[in-house]
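Topology and contacts: notes
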Amino acid sequence: MSVLPLVFTSGWASGINAYAVVLLFGVFGATGLTDEVPESLQRTDVLVVVGVLFVCEAVADKIPYVDSIWDTAHTVIRPVSGAVVAALLAGQSGSLPEIAAGAVGGSTALMSHLVKAGTRMAVNTSPEPFSNIAVSTAEDLGVAGIITFAIFHPLAAAIVAGGLLLLGIVIIVFLAAKIRNFRRRKAERRARRHVAATWPD
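Structure report, in brief. (Residues numbered from 1 in each chain as written. Predicted model: local features only at pLDDT ≥ 70, side-chain atom pairs only at ≥ 80, totals over all residues. Heavy atoms only, no water.)

The next thing to look at is the environment of E98. For E98, the position within the fold is in helix α5 (residues 98–123). Once you skip the residues sitting within four places of it in the chain, E98 turns out to touch A87, A90 and G91. (Helix = DSSP H or I, 4+ residues; strand = E, 2+ residues; numbered from the N terminus. Contact = heavy atoms within 4.5 Å.)

Counting 31 residues, the largest nonpolar core has F25 and I147 as the members making the most contacts within it. If you tally residues by element for this core, the top one is helix α1 (residues 4–30), at eleven residues. Excluding anything up to four places from it in sequence, F25 contacts L6, S10, V37, L41, V85, L89, I147 and I151. (Core = buried A, V, L, I, M, F, W, Y, C linked by side-chain atoms within 4.5 Å. Buried < 20%, exposed > 50% of the residue type's maximum accessible area, 1.4 Å probe, protein only.)

On to helix α2 (residues 44–60). With 17 residues, α2 should reach 24 Å at 1.5 Å per residue; the first-to-last C-alpha distance of 24 Å fits that figure. Residues of α2 that are buried include every one of L47, V50, G51, E57 and A60, and no others. (Expected span 1.5 Å × (residues − 1).)

Of the pockets and cavities examined, the largest pocket occupies roughly 370 Å³. Lining the largest pocket are 16 residues; nearest its centre among them are W12, I16, V115, E139 and L164. Elements that contribute at least two residues to the lining of the largest pocket include exactly α1, α5, α6 (130–152) and α7 (154–198). When the residues that make up the lining of the largest pocket are grouped by side-chain class, the tally is ten nonpolar, four polar and two charged. (1 Å grid on protein atoms, 1.4 Å probe; cavity = no way out; pocket = protein on both sides within 12 Å on 5 of 7 lines; lining within 4 Å. Points joined across faces, edges and corners; volume = space filled by probe spheres on them. Nonpolar A, V, L, I, M, F, W, Y, C, P; charged D, E, K, R; others polar.)

Another aspect to go through is the packing of helix α3 (residues 66–73) against α5. Where α3 meets α5, the axes come as close as 9 Å, and the angle between the chain directions of the two elements is 160°. The orientation of α3 relative to α5 falls into the category roughly antiparallel. Crossing of α3 against α5: the hand is left-handed. In contact with D67, S68 and D71 of α3, α5 contributes H113, K116, A117, R120 and M121. Residues of the contact of α3 with α5, tallied by class, amount to two nonpolar, two polar and four charged. (Axes fitted to C-alpha atoms, helices over the stretch in contact; angles between N-to-C directions. Parallel < 35°, antiparallel > 145°, perpendicular 65-115°, else oblique. Left-handed = near helix turned anticlockwise from the far one by under 90°.)

Interaxial distance between α1 and α6 falls to 9 Å at its minimum, and their mutual angle equals 80°. Considered as vectors, α1 and α6 are oriented roughly perpendicular to each other. Taken together, the residues of α6 that come into contact with α1 (itself represented by L6, T9, S10, W12, A13, I16, N17, A20, V21, L24, F25 and F28) are E139, D140, V143, A144, I146, I147, T148, A150 and I151. For the contact of α1 with α6, a count of residues per class yields 15 nonpolar, four polar and two charged.

Backbone geometry places Y65, a non-glycine residue, at a positive phi of 75°. Structurally, Y65 is set in the loop between α2 and α3. Overall, Y65 belongs to the partly exposed group, its relative accessible area being 38%.

This next bit is on a positive patch on the surface. Residues R184, R185, K186, R189, R190, R192 and R193 make up a contiguous surface patch of positive charge. Exposure remark for K186: the relative accessible area of 36% places this residue in the partly exposed category. (Patch = residues over 30% accessible without salt bridge, like charges linked within 9 Å, V, L, I, M, F, W, Y side chains within 5 Å. Areas by Shrake-Rupley, 256 points an atom, 1.4 Å probe, with all protein chains shown as cover. Salt bridge = Lys/Arg side-chain N within 4 Å of Asp/Glu carboxyl O. Lys, Arg positive; Asp, Glu negative; His and termini not counted. Charge placed at Lys NZ, Arg CZ, Asp CG, Glu CD.)

Across all of its chains, the model carries ten salt bridges by this definition. A salt bridge links E57 to K116; the nearest nitrogen and oxygen atoms lie 3.7 Å apart. One end of the pair, E57, is in helix α2; the other, K116, is in helix α5, with 59 residues separating them in the sequence. The pair formed by E57 and K116 is uniform in burial state, with each residue classed as buried. Where salt bridges share partners, they join E57, D61, D67, D71, R78, K116, R120 and E139 into one cluster.

In structure tokens:
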């Protein structure tokens, strides 16, 4: 079977939490649950590093506004990670050219990352922190579930990931006005602080 469904699913998941994807694939490969995972993702040093980064993301992703800063910093990291993981998976299976796999994984990761970042901007308009924790936890569980499902049922998992991506895009379209208002209020607060700081005593 072509590795394309697994590549697409891993790309979608990488846009949400790239470290969780590498960690899960590495653990599944190291424990022998699948032979689709290349040796480079199963190395102990790789698993330790992504494990630490996963913990950092799990904490930062649940703090209002910190999560948006974290997302901004990962605008490049997540798509690149998605492309690299996809290329490695394709190289392992030999059923899909690595460049094509990297393009699919990277572009899918970028789209899901933008959906996640936009959703977080909307969530951050809420004054309480519990919605951030709930959304972040749902994302973590979703990535874990979809990657685990993809190991055993790659085509079905890819269909689910595609549906979630489309749903996320639709939600962002509806939340666009809320996000624009959030950015405008933030800019106004910065302007007021600047005026207050420069106003003579």
